[in-house]
Amino acid sequence: MGLIFIYSMYLSFIKGFNKDDLEDVHPKTFTNLLRYLLFGTINSFFAGWLFEINWLIWIAFYSVIGIIFCIKFNKEENDFFKKLLVAFLVFLFFCGYRVPTHPASFENYINSKEMYQCVTRWECVKITAEAKEDSSLRAKAEILSIEGYRFDWYFLFAKGSMQLADDKGNIEEFKGINICGFWIEY
């Protein structure tokens, strides 16, 4: 990360930009904005990737969108559509980057629910609160076996499902879809 930080400092503040790109705007203001956005993009993307901090990827995404709208394209009428197309392609890249490619992400989503904790690939524990007659609460742990598990990864989204069965044969099913790194239950 230190090398990436030093390299981005070099790109942003030492090397500089081409002066021909800055004809219409005051060069110093425009250059400082682009340097700031480039510095934020490089460091937040690689820090998010190396240290697995997901919210840093979004800072990189918004910085790239800012860079796209600051860069001067050819002086044509369809300039806005070019920027919009490039921004859309960047959005697709970041969406694809954030979608998990491994089933552990779906397991973590199930574990994030209040009552469930999947410890192994074969069993999960369901913890519920049970009220007694003397108005006290008691935690009840129930072991559920995993009857079915499926995880499918596609470039822009992922789908996961898990079927849990108790000793009596009751089956609970969880289904989720991951879009841009966020699990949505359906």
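Only a predicted model underlies this, so the values are computations on that prediction, with no experimental measurement involved.

Reading the values: rules and limits
Residues numbered from 1 in each chain as written. Predicted model: local features only at pLDDT ≥ 70, side-chain atom pairs only at ≥ 80, totals over all residues. Heavy atoms only, no water. Helix = DSSP H or I, 4+ residues; strand = E, 2+ residues; numbered from the N terminus. Contact = heavy atoms within 4.5 Å. Buried < 20%, exposed > 50% of the residue type's maximum accessible area, 1.4 Å probe, protein only. Lys, Arg positive; Asp, Glu negative; His and termini not counted. Salt bridge = Lys/Arg side-chain N within 4 Å of Asp/Glu carboxyl O. Disulfide = S-S within 2.5 Å. Expected span 1.5 Å × (residues − 1). Phe/Tyr/Trp six-rings, centres within 6.5 Å; stacked < 30°, edge-to-face > 60°. Patch = residues over 30% accessible without salt bridge, like charges linked within 9 Å, V, L, I, M, F, W, Y side chains within 5 Å. Areas by Shrake-Rupley, 256 points an atom, 1.4 Å probe, with all protein chains shown as cover. Pairing = 2+ DSSP bridges. Axes fitted to C-alpha atoms, helices over the stretch in contact; angles between N-to-C directions.

Below, the discussion takes up the overall build of the protein chain. Along the backbone of the protein chain there are five helices and six strands. Counting from the amino terminus, helix and strand elements in the protein chain follow one another as α-α-α-α-α-β-β-β-β-β-β. A separation of at least 24 residues holds for 46% of the contacts in the protein chain among residues at least 6 apart in sequence.

Relative to the helices and strands, Arg98 resides in helix α4 (residues 79-98). Among buried charged residues, Arg98 stands out as having no salt bridge; its nearest opposite-charge side chain is Glu52, 11 Å away. When near neighbours in sequence (up to four residues on either side) are disregarded, Arg98 contacts Asn54, Ile57, Trp58, Cys180, Gly181 and Phe182.

In this section: the state of the cysteines. Applying the stated rule across the entire model yields one disulfide. Between the sulfur atoms of Cys118 and its disulfide mate Cys124 the distance is 2.0 Å. The sign of the 95° torsion about the S-S bond sets the Cys118-Cys124 disulfide as right-handed. Take Cys118 and Cys124: they sit in the same class, and that class is buried.

Between its first and last C-alpha, helix α3 (residues 54-70) extends 25 Å over 17 residues, near the 24 Å set by a 1.5 Å rise per residue. Looking only at α3, the buried set comprises Leu56, Ile57, Trp58, Ala60, Phe61, Ser63, Val64, Ile65, Ile67, Ile68 and Cys70.

The next subject is the packing of aromatic side chains. Enumeration over the complete set of coordinates arrives at 19 aromatic pairs. When the ring of Phe93 is compared with that of Tyr97, the centres are 6.4 Å apart and the planes differ by 25°; the resulting orientation is stacked. Within this pair, Phe93 and its partner Tyr97 are both found in helix α4, separated by four residues, close to a single helical turn. The exposure class of Tyr97 is partly exposed, given its relative accessible area of 30%. Three or more aromatic residues link up through ring pairs in this structure, and these residues are Phe45, Phe46, Trp49, Trp58, Phe61, Tyr62, Phe91, Phe93, Phe94, Tyr97 and Phe182.

For the structure on display, the rule yields three salt bridges. One salt bridge connects Arg138 with Glu130, and the closest N-O pair in it is separated by 3.1 Å. On the basis of relative accessibility, which here comes to 30%, the residue Glu130 falls in the partly exposed class. A salt bridge links Asp152 to Arg150, with the shortest nitrogen-to-oxygen separation between them at 2.7 Å.

On the surface, Trp153, Tyr154, Phe155, Leu156, Phe157, Ile179 and Ile184 cluster together into a nonpolar patch covering about 630 Å² of accessible area. Along the chain, Phe157 falls in strand β4 (residues 157-165).

Moving on: the sheet that holds strand β6 (residues 182-185). As summarised here, the arrangement of the six strands in space is β1-β2-β3-β4-β5-β6, forming an open sheet in which the pairing is antiparallel. This sheet does not close on itself; its edge strands, each paired only once, are β1 (116-118) and β6. Recorded for the sheet is a direction-independent mean angle of 30° between the axes of neighbouring strands. Note that strand β3 (residues 137-153) and β4 share eight bridges and pair antiparallel. What sits directly across from Ser145, in β4, is Ala165.

In short, shape yes, function no, at least from these values alone.
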